[in-house]
Amino acid sequence: MAYTTIDDPTIYFNTKLYTGNGSTGHAITGVGFQPDWVWLKNRNTTNTHEAFDSVRGATKTLYPDRSDAEYVNATGSLTSFNSDGFTVGSGDGANKSGSGIASWNWKAGGSASSNTDGSITSTVSANTTAGFSIVSYTGTGSNATVGHGLGAVPYMMIIKKRNSATSSNWMVYHQSISGTGNGHIWLDLTNDRGNDVNSWNNTAPTSSVFSIGTRSENNASGSTYIAYCFSEVKSFSKFGSYFGNGSNDGSYIHLGFKPAFFMVKRTDTTNDWQMHDSTRDTFNGVTQRLMANLSDAEATTGAFYDFTSTGVKCRNTDFSMNASGGTYIYMAFAESPFTNSNGVPNNAR
């Protein structure tokens, strides 16, 4: 029986907290690997989220809570990826003096290479062990396919147009709402699920490619895009859905691991994306949350969840995570698997 292929999740995903000092050249260490995707948020002040990846280059910023085009900033935000972390500049979002900053770090495949699996040639950095790839491509404006390099079917994809002179929202594929290839949701908005056969050309992704239709958010002719693609890896990552029950003895979401990161979005009505992790909340209940679609500072308004050795237990009736009859999607990454590769149980939280 295959219990897990990843005994130590922190070599592929890790949350690192640090305090800004306001000076260019501030090196952040202790990530545990050289990250390929870094997502930052100032916890104490109203600052936009910032995202960086090794395929586009460290100094190119995207803003997960905004529809802006990519911004090149050599000194204000991230300046380099390092063997055990990254270096930041002097900007308030990444390094405001005295502010607590949260960073979520993923390891892809390092240097990117050309991928010709799809009708569009893409540039891909893929980590098939961890089920994560970063994909760069140029749109055609016509129905097309794009190689993602995972060697497994993506369960979630987050796509952003990079070069638009006008705003363009972050388009999300999630297998729980988009499995047949016609549903989407927006990372930077509160909107509920949208339906459009042009989102993914009415075609579910395969183990080699994902399909795109004629929407400008993922396939305008001549526009450049970045896609963050995730396949599900047993006892390391999970991308699913659940129904709320409106009770403090709330719904239980079985993951098969103790979560390090849990992001959730209600899909049957408007609501924010809630971001939680076990580094900011080191014991139950989990109270500290950031909203992926908002620049707001961190909020602590009651216990939302318990993180258990096998999943997540809702402990609140808040409509953002446990409304009666509400439908929710999530992405989760492990702090530790319930059992290691030898079938030995890990300690419960």
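Only a predicted model underlies this, so the values are computations on that prediction, with no experimental measurement involved. (Residues numbered from 1 in each chain as written. Predicted model: local features only at pLDDT ≥ 70, side-chain atom pairs only at ≥ 80, totals over all residues. Heavy atoms only, no water.)

(A) Just the nonpolar core, in detail. Judged by nonpolar contacts, the single largest core of 37 residues is most densely connected at Trp-37, Tyr-228 and Phe-230. Broken down by secondary-structure element, the contributors of at least two residues to this core are β3 (37–42), β9 (100–106), β12 (132–138), β14 (156–161), β19 (224–230), β22 (257–266), β23 (273–277) and β27 (327–337). Counting residues in each nonpolar core, the second largest holds 19 residues, with Ile-159, Phe-210, Ile-212 and Ala-220 among its members. (Core = buried A, V, L, I, M, F, W, Y, C linked by side-chain atoms within 4.5 Å. Buried < 20%, exposed > 50% of the residue type's maximum accessible area, 1.4 Å probe, protein only. Helix = DSSP H or I, 4+ residues; strand = E, 2+ residues; numbered from the N terminus.)

(B) Up close: the pairing of β12. Counting buried positions along β12 gives six out of seven residues, so the element sits mostly inside the fold. Strand direction decides the pairing type here: strand β11 (residues 122–127) and β12, joined by five bridges, are antiparallel. Looking at the pairing, Thr-123 lines up with Ser-136 of β12. Across seven bridges, β12 lies against β19 in antiparallel orientation. Directly across from Ser-133, in β19, lies its bridge partner Cys-229. (Pairing = 2+ DSSP bridges.)

(C) Focus on the sheet that holds strand β17 (residues 194–195). Read from one edge of the open sheet, eight strands run β10-β11-β12-β19-β14-β15-β16-β17, paired in antiparallel fashion. With partners counted over all chains shown, the strands left at the sheet margins are β10 (113–115) and β17, one partner each. Relative to β11, β10 is paired through three bridges, and the arrangement is antiparallel. By the bridge assignment for β11, Ser-114 is matched with Thr-123.

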